[in-house]
Amino acid sequence: MITFYSDTHRLHHGSELKDGVLMPCFEMPSRADTVLNRVLQQQLGEVLPPQQFGVEHYAGAHSLRYLSFLQNAWEEWRASGRDHDALPLVWPVRDLRSDLEPEFIDGKLGFYAMDAGVAITAGTWQAVKTSADLALSGMEAIQRGGQHAAFALCRPPGHHAAHEYMGGYCYLNNAAIAAQYARSHGAKRVAVLDVDYHHGNGTQSIFYQRDDVLFLSLHGDPKNSYPYFSGHRDELGAGDGFGYNLNLPLPHGTDWQGYCAALQTACQHIAGYAPDVLVVSLGVDTFKDDPISSFLLENDDYLRIGQMLARLGLPVLFVLEGGYMVDDIGVNAVNVLQGFEGA
Ligand code: OKS
Ligand code: ZN
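Residues numbered from 1 in each chain as written. Chains lettered and ligands numbered in written order. Predicted model: local features only at pLDDT ≥ 70, side-chain atom pairs only at ≥ 80, totals over all residues. Heavy atoms only, no water.

*Asks:* I'm lost on the environment of Q257 in this one. Help?
*Replies:* Structurally, Q257 can be placed in helix α7 (residues 256–273). Separated by 39 residues in the primary sequence, Q257 and L296 have C-alpha atoms spaced 10.0 Å apart. (Helix = DSSP H or I, 4+ residues; strand = E, 2+ residues; numbered from the N terminus.)

*Asks:* Is there a simple way to explain the UniProt feature "domain: Histone deacetylase" (unreviewed entry) in the protein in this structure?
*Replies:* According to UniProt, the "domain: Histone deacetylase" (unreviewed entry) feature falls on residues 27–337. The annotated region residues 27–337 carries 37% helix and 12% strand content, and the separation between its end C-alpha atoms amounts to 21 Å. (UniProt positions renumbered as here; feature names shortened; annotations may be inferred.)

*Asks:* Sorry if this is basic, but what is going on with the coordination of the zinc ion (ligand 2) here?
*Replies:* Perfect tetrahedral coordination of a metal by four donors corresponds to 109.5 degrees between them, and perfect octahedral coordination by six donors corresponds to 90 or 180 degrees. With distances of 2.0 to 2.8 Å, the protein atoms coordinating the zinc ion (ligand 2) are D196 (OD), D196 (OD), H198 (ND1) and D285 (OD). Here the donor residues of the zinc ion (ligand 2) share one chain and are spaced in sequence as D-x1-H-x86-D. On the basis of relative accessible area, D196 is assigned to the buried category, the value being 0%. (Donors = N, O, S within 2.8 Å, 3.2 Å for Na, K, Ca; no water. Buried < 20%, exposed > 50% of the residue type's maximum accessible area, 1.4 Å probe, protein only.)

*Asks:* Is there a simple way to think about the environment of M139 in this case?
*Replies:* Mapped onto the fold, M139 is located in helix α4 (residues 124–143). C-alpha of M139 to C-alpha of P315: the two residues are 176 residues apart in sequence and 9.7 Å apart in space. In this structure, M139 is in contact with A178, Y181, A182, V277, V279 and L317, ignoring residues within four places of it in sequence. (Contact = heavy atoms within 4.5 Å.)

*Asks:* Sorry, what's going on with the pattern of salt bridges here?
*Replies:* Going through the model one piece at a time under the given rule, you end up with 16 salt bridges. The salt bridge involving D106 is made with R82; its shortest N-O contact spans 2.7 Å. Highlighted residues: D106 in helix α3 (residues 105–111) and R82 in the loop between α2 (64–79) and α3, separated in sequence by 24 residues. Residue D106 is classed as partly exposed on the basis of its relative accessible area of 29%. A salt bridge links D133 to K129; its shortest N-O distance comes to 2.7 Å. With D133 and K129 both in helix α4, this residue pair falls four residues apart, about one helical turn. We classify D133 as buried; its relative accessible area is 2%. With relative accessibility at 16%, the residue K129 sits in the buried group. (Salt bridge = Lys/Arg side-chain N within 4 Å of Asp/Glu carboxyl O.)

*Asks:* I would appreciate a short explanation of a nonpolar patch on the surface in the present structure.
*Replies:* A cluster of nonpolar side chains, L17, L22 and L89, forms an exposed patch at the surface whose accessible area comes to about 330 Å². You can see L17 is positioned in strand β2 (residues 15–18). On the basis of relative accessibility, which here comes to 48%, the residue L17 falls in the partly exposed class. (Patch = residues over 30% accessible without salt bridge, like charges linked within 9 Å, V, L, I, M, F, W, Y side chains within 5 Å. Areas by Shrake-Rupley, 256 points an atom, 1.4 Å probe, with all protein chains shown as cover.)

*Asks:* Can you walk me through the pairing of strand β9 (residues 277–282) in this structure?
*Replies:* Sheet faces and side chains relate simply in a regular strand, where the side chains alternate between the two faces. In terms of burial, β9 is a largely internal element, six of the six residues being buried. Neither face of β9 is exposed, since V277, V279 and S281 on one face and L278, V280 and L282 on the opposite face are all buried. Pairing geometry for strand β6 (residues 190–194) and β9, over five bridges, is parallel. Within β9, the residue paired with D194 across the bridge is S281. (Pairing = 2+ DSSP bridges.)

*Asks:* Sorry, what's going on with the side chain of N174 here?
*Replies:* You can see N174 is positioned in helix α5 (residues 174–184). For N174, a relative accessible area of 0% translates into the label buried. Within the structure, the side chain of N174 is placed 3.2 Å from the backbone nitrogen of A132, a separation counted as a polar contact. (Polar contact = N/O pair within 3.5 Å; in protein donor to acceptor, adjacent residues only side chain to side chain.)

*Asks:* Even after reading the chapter, I still don't get the sheet that holds strand β1 (residues 2–4), so can you show me in this structure?
*Replies:* Two strands in a sheet stick together by hydrogen bonds in their backbones, pointing the same way (parallel) or opposite ways (antiparallel). The strand order across the open sheet built from eight strands is β4-β1-β5-β10-β9-β6-β7-β8, with neighbouring strands paired in parallel fashion. The open sheet is flanked by β4 (47–48) and β8 (245–250), the only strands paired with a single partner. Direction of pairing for β1 relative to β4: parallel, over a ladder of two bridges. Bridged to T3 within β4 is V47. Contacts between α4 and the sheet are confined to β1, β5 (149–152), β9 and β10 (316–320), with β10 contributing the most and set at about 170 degrees to the helix. (Axes fitted to C-alpha atoms, helices over the stretch in contact; angles between N-to-C directions.)

As structure tokens, this is what we get:
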């Protein structure tokens, strides 16, 4: 399988609040290094740099004002006299005004964020842009290059980012951008399957009113897992999109048995939808030793995930999302890809 990768991810290394103390984010550069090393060690296939895409390619998933916020946020933050990471700290919840974009950067940060897990640093825009370009390059290789499958080794991840907000280490929704690209380049129907431990609220939100992109997600029940405010079973889509959104929340302690049953259900829905291409939001924070999650999958279970996906017989773009047990994310992510390829 072909892999798209760039060192540019290193330019983004943010901090987050952990138990009240500012610490390096769990979502750190060594994650991508581990996955790349495993791709090379297992000789998965060619590793290619991304093509560069224009901002208009991200506009299928994000608003233009959000994209220009992301592009300019660091400069605006610097211009206001600060040089440490910028973090959002105020949000327009419930009856507060969310119809007016503030002018000052501190207000904009909260306006365009769902939480404080999204530091803006000097290299953030370049890293998130390159991450989206990796996903676009992967979809391009499938649609025009004739590849049956591709792996976009994205960092930062994307599935929490919606039309106009960032959150949970995500800025640009790489999977959604690739899905929209597929729609614009010949695919009639696209399915996005999110197997990250966390609900892909951003991807759900972007396609919620549409029947041309089916979104399915297996995740920790939002009753007790991040992102808490999205991912319930009764979120089925709206308007034309009604019936084209499927959430399969699972309890703490879910192991392969429970996971496999839910994945089976998702695969049946995908087969019934008969998409032209499948995008897999590949998070491996479902692993038993993940520091921020509570499922119990083991290394070999990821081979089985890949095997089950292969049985769909569809072209697949795998897009890396979460996974924080750095020692194992290379093995687990590449196991999915090797299981898919029948290794
Ligand atoms: C705030 C950010 C918490 C984000 C946790 C989830 C990240 C993830 N401290 N999403 O898939 O893995
Ligand atoms: Zn996750």
